[in-house]
Amino acid sequence: MKTIRLFLAVALLAIMGTASAYAVRLNEYEKQAQKSVVDYLRSKKIAPSIDSSDQSVCFKKDGTLYWIELKGDEKIMLYTLHRNGIKFTKAGDPKGPHKSEVAMMAANMVNDTQVVKAYQKGGTVRFCLSMYAKTPEAFLEAFPAQMRAFDKIRDTFDKYYKLCKVRVDSIHSYWYDLDSTSVVMEQRQAPGTTPERNLNISRISVRNLDANDNVISDYDQGIRKSKASFLQEKVTLKASQPGMYKIGVRLYTPEGKMLIPSKGARFTTISTIKVNKANKDADYDLMKFGSRDPEDWEPGEYKIEFYEDDTCIYTDAINIL
C-alpha cells in the first residue's frame, strides 16, 4: 500500500511540475506591460493574441509571425521581440547536419553585424531583439524602430547563408558538381603510387582578427595571448595548373590537441582558392578560426599543417606569446 501511495504521490508531483513548467504566470507589472503592448497594437489596427504557454503577445506583419516576451518587475522590464524563423532542414534530411553547419555560421555572421540576433533551434534559425525599458511607453516608443530592424533580416541571412555554403561546401563532393564555372583540380593517383601534388606552398604567415575581420595584429607582427582572437593564415603557393583547389588546415595546441569547429570535423578549417596561372607564386588568404575570448588561447607553439585533399603538403608552427 505504501508503494502505491508513493507512486501516486510521485505521479502527482510530476503532473504538477509539468503544469507549472508550461503555465507561465505574469506578475502585476508584467500584466501591465502586456496590456500596454496589446492596446498599442490594437491602436495600430494590428490584431494581437496571447500565447497561453508563455503569455507572450503574438501578432503578424506582412504574413510573418512575431511575438513579444515580457519579464521584469516594478524597476525594469525586459521586452524580447521575436520573429518567426527560417526553416533550413527537415527531419530525416540526409544533408541536415551539413545544412545545420552552414546555418550556424550564417547566424554567427548575423550576430556579428546586425542589431537583430539569430539563434538556431532544431532545423530553424530564429531572430530576436531585446530591450530593457523602465516603462511600457519607453518600449513602445522604440518599437517601430525595432520592427524596421527586422525588415531586411531574411535577405541578410540568405546572403550570409549562401556565402557560408560556399565555404562549407568545399569539403562536400557534390559542391563540385554544382559549380559550373570552374574545374576543381583533383589529385591523380595510380594504384600503388604516391599521390601527385598540384600545390607547392613556399611560405605562410598568420594574422590576428576580431569577429568583424578588423585587424588586431597583421601578418608577421606577432600574436599575444591577451589579444588573441581569430587567426587567419596567408599562404604563398603555386599550382601545377590553373583551377579551383581546396586546402585543409589542421591547427594543434601546444599539448598536441587538434582544434576543430565542431564534433567530427577532420580539419580546423577548409578553404577553397582559385588559381588563375600555373607555376606562379601568389598569396591566398584562408578561412579564419578562433574565439572572441582570449582565454580560449594558451601561450606556446601551435603546429600547423596544410593539406591538399588528404595529403599533408606543408608543416610549420606559429607562436602565441
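Before reading further, recall that the structure is shown in the block above.
Report follows, based on the coordinates. Predicted model, so just to flag it, every value in this text is computed and none were measured.

## Some details on the pairing of strand β6 (residues 124–133)
- Of all ten residues in β6, seven are buried; the element is thus mostly enclosed.
- Where strand β4 (residues 77–87) meets β6, nine bridges bridge the pair, whose relative direction is antiparallel. If you follow Thr80 over to β6, its bridge partner there is Ser130.
- With five bridges joining them, strand β5 (residues 117–121) and β6 adopt antiparallel strand pairing. Bridge pairing links Gln120 to Val125 in β6.
- From the end of β5 to the start of β6, which pair antiparallel, there are two residues, and Gly122 there has a positive phi angle of about 65°.

## Some points on the packing of aromatic side chains
- The full count for this structure, using the stated rule, is eleven aromatic pairs.
- When the centroid spacing of 5.3 Å and the interplanar angle of 65° are considered together, the rings of Phe267 and Tyr307 count as edge-to-face. On the criterion of sequence distance, the pair formed by Phe267 in the loop between β11 (258–259) and β12 (269–275) and Tyr307 in strand β15 (residues 300–308) is long-range, its members being 40 residues apart. Both residues of the pair, Phe267 and Tyr307, belong to the buried class.
- Among the aromatic residues, those joined into a cluster by ring pairs are Tyr40, Phe59, Tyr66, Tyr79, Phe139, Phe143 and Phe150.
- The ring centre of Phe267 lies 4.5 Å from the NZ or CZ of Arg250, which sits over that ring.
- Between Lys303 and the ring centre of Tyr252, over which it is positioned, the NZ or CZ distance is 5.8 Å.

## Thoughts on helix α2 (residues 28–43)
- With 16 residues, α2 extends 23 Å between its outermost C-alpha atoms, agreeing within 8% with the 22 Å of an ideal straight helix rising 1.5 Å per residue.
- Tucked into the core, α2 has its buried residues touching β1 (49–50), β2 (57–61), β3 (64–72), β4 and α4 (136–149).

## Overview of the pattern of salt bridges
- Per the stated rule, a full pass over the model turns up eight salt bridges.
- Put simply, Asp151 and Lys61 hold a salt bridge, and the shortest N to O gap is 3.3 Å. Of this pair, Asp151 sits in the loop between α4 and α5 (153–168) while Lys61 sits in strand β2, and the two are 90 residues apart along the sequence.
- A residue is classified by how much of its surface remains accessible, and Asp151, at 45% relative accessible area, is partly exposed.
- Of the charged contacts in the structure, one is a salt bridge between Lys303 and Glu305, with a shortest N-O distance of 3.1 Å.

## Topic: the nonpolar core
- Core analysis: the biggest nonpolar cluster contains 39 residues, and Val37, Tyr79, Phe127, Phe139, Phe143 and Phe157 have the highest contact counts within it.
- Those elements that provide at least two residues to this core are α2, β2, β3, β4, α3 (96–113), β6, α4 and α5.
- Here this core gets seven residues from one element, more than from any other, and that element is α3.
- When neighbours within four sequence positions are excluded, Tyr79 is seen to be in contact with Ala33, Val37, Ile68, Glu69, Leu70, Leu129, Ser130, Met131, Ala133, Thr135, Pro136 and Phe139.
- Of all hydrophobic cores here, the second largest spans 28 residues; its members include Val206, Ile223, Leu231 and Val249.

## Some thoughts on the pairing of strand β10 (residues 243–252)
- Most of β10 is tucked away: nine of the ten residues are buried.
- Bridge analysis of β10 against β12 gives seven bridges, and the strand direction is antiparallel. If you follow Gly248 over to β12, its bridge partner there is Ile270.
- Sheet analysis places β10 next to β15, joined by six bridges and oriented antiparallel. Bridging across to β15, Ile247 finds its partner in Glu308.
- The loop that links β10 with its antiparallel partner β11 comprises five residues; one of these, Gly256, has a positive phi angle of about 95°.

Calculation criteria
Every chain is numbered on its own, with residues counted from 1 as its sequence reads. For this predicted model, a pLDDT threshold of at least 70 governs which residues receive local features, and a threshold of 80 or more governs which side-chain atom pairs are given and counted, while totals over whole chains, interfaces and linings are taken from all residues. Values shown for side chains rest on all heavy atoms present in the structure; no hydrogens or waters enter the calculation. With a 1.4 Å probe rolled over the protein chains alone, any residue whose accessible area is under 20% of its type maximum counts as buried; one over 50% counts as exposed, and the rest are partly exposed. Helix numbering and strand numbering both begin at the N terminus, where a helix is a DSSP run of H or I of at least 4 residues and a strand a DSSP run of E of at least 2. Strands pair, by our definition, only if DSSP identifies at least two bridges between them. Note on ring pairs: Phe, Tyr and Trp rings are taken, using the six-membered ring of Trp, and paired if centres are within 6.5 Å. Classes follow the plane angle, with under 30 degrees stacked, over 60 edge-to-face and the rest tilted. Charge-over-ring placement is defined geometrically: NZ (Lys) or CZ (Arg) within 6 Å of the ring centre, and within 35 degrees of the ring normal. Any helix carries an expected span of 1.5 Å times its number of residues minus one. In this analysis, two residues are considered to be in contact whenever any of their non-hydrogen atoms come within 4.5 Å of each other. By definition here, a salt bridge exists when the distance from a side-chain nitrogen of Lys or Arg to a carboxyl oxygen of Asp or Glu is within 4 Å. What makes a nonpolar core is a set of buried Ala, Val, Leu, Ile, Met, Phe, Trp, Tyr and Cys residues whose side-chain atoms join them at distances within 4.5 Å.

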